[in-house]
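# Structural features, examined
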Amino acid sequence: MTTPEFIREIRESGAGHRLLLLPGVTAVVVDDRGRVLLGRRADNGRWSVIGGIAEPGEQPAGTAVREVYEETAVRCVPERVVLVQMLQPVTYPNGDVCQFQDITFRCRATGGEPRAADGELLEVAWFAPDALPPLEPFALDRVRRSLSEDPTWFEDPARCEAPAAGGDQAASR
């Protein structure tokens, strides 16, 4: 994953390695034959769903469309939101800490020939749902939810941590 310029600027302007909350999207792209588009990542060699970080001012659905095209050369249209989830913080080897809020979209492929287009992927391919390559739990969960007709998933609010005592949520928005 290449660090976007706006994040480098934030880090250089004084944020350093401190935690950044970042908007991320995942796109589960399905073609007219019901196959799922996956990419084999250059950083770890594993197959995964397509995703990335929203640019400033970019709508999440637009991020999904842009990331899919940039990474795979496939055109797509978002059809529905599959899930919304705050992921656990990640510490990168350079010490940077990020926490991503993921919005996963089910997308319908509308054109293009899949290929590793931007260097983040080694290869790109379509897979039948019953013949997926080994996937990390994150990716497998998003594929399964995208192929189901279940309503949008989100963490049960009863399981979420309550704000700190004396904290005013409205003031922090």
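Residues numbered from 1 in each chain as written. Predicted model: local features only at pLDDT ≥ 70, side-chain atom pairs only at ≥ 80, totals over all residues. Heavy atoms only, no water.

Helices and strands together make up the secondary structure of the protein, namely three helices and nine strands. The order of α-helices and β-strands along the protein, N terminus first, is α-β-β-β-β-α-β-β-β-β-α-β. Here the C-alpha atoms of the protein give a radius of gyration of 17 Å, agreeing with the 16 Å that 2.2 N^0.38 yields for 173 residues. Seen through its principal axes, the protein has C-alpha atoms that stretch 55 × 35 × 30 Å. (Helix = DSSP H or I, 4+ residues; strand = E, 2+ residues; numbered from the N terminus. Rg over C-alpha atoms; globule rule 2.2 N^0.38 Å.)

The tally for this structure, following the rule as stated, stands at 14 salt bridges. A salt bridge links Asp 96 to Arg 11, with the nearest nitrogen and oxygen atoms 3.3 Å apart. Of the two residues, Asp 96 is situated in the loop between β6 (90–91) and β7 (97–111) and Arg 11 in helix α1 (residues 5–15); the sequence distance between them amounts to 85 residues. Between Arg 35 and Asp 31 there is a salt bridge, with its nearest N and O atoms 2.6 Å apart. The class for Arg 35 is partly exposed, based on a relative accessible area of 22%. Using a relative accessible area of 9% as the deciding quantity, one classes Asp 31 as buried. A single salt-bridge network, built from bridges that share partners, covers Glu 58, Arg 66, Glu 67 and Glu 70. (Salt bridge = Lys/Arg side-chain N within 4 Å of Asp/Glu carboxyl O. Buried < 20%, exposed > 50% of the residue type's maximum accessible area, 1.4 Å probe, protein only.)

Bringing the side chain of Asp 31 into the picture now. Residue position: Asp 31 is located in the loop between β1 (20–30) and β2 (36–41). Of the polar contacts made by the side chain of Asp 31, one reaches the backbone nitrogen of Arg 33; its length is 2.9 Å. Non-local contacts of Asp 31, meaning those with residues more than four positions away in its chain, are made with Ala 109 and Trp 126. (Polar contact = N/O pair within 3.5 Å; in protein donor to acceptor, adjacent residues only side chain to side chain. Contact = heavy atoms within 4.5 Å.)

Of note in this structure, Ala 73 is not a glycine but carries a positive phi near 65°. With respect to the element layout, Ala 73 can be found in the loop between α2 (60–72) and β5 (75–86). With relative accessibility at 10%, the residue Ala 73 sits in the buried group.

A few words on the packing of aromatic side chains. Within this structure, the stated rule accounts for one aromatic pair. On the basis of an interplanar angle of 75° and a centroid distance of 5.0 Å, the ring pair of Trp 47 and Phe 127 is categorised as edge-to-face. With Trp 47 in strand β3 (residues 47–48) and Phe 127 in strand β8 (residues 121–127), this pair connects stretches of sequence that are 80 residues apart. Per residue, the accessibility class of Trp 47 equals that of Phe 127, and both read buried. In this structure, Arg 75 is placed above the aromatic ring of Tyr 69, and the distance from its NZ or CZ to the ring centre is 3.7 Å. Above the plane of the ring of Phe 138 lies Arg 142, whose end atom (NZ or CZ) is 3.7 Å from the centre. (Phe/Tyr/Trp six-rings, centres within 6.5 Å; stacked < 30°, edge-to-face > 60°. Lys NZ or Arg CZ within 6 Å of the ring centre and 35° of its normal.)

What follows covers α1. Burial in α1 covers these residues: Phe 6, Ile 7, Arg 11 and Ala 15. In an axial view of α1, the angular spread of the buried residues amounts to 140°, which keeps them on one side of the axis. Facing away from the buried side of α1 by over 90 degrees, the exposed positions are Glu 12 and Ser 13. The inward-facing, buried residues of α1 abut β1, β4 (50–53) and β7. (Arc of directions from axis to C-beta.)

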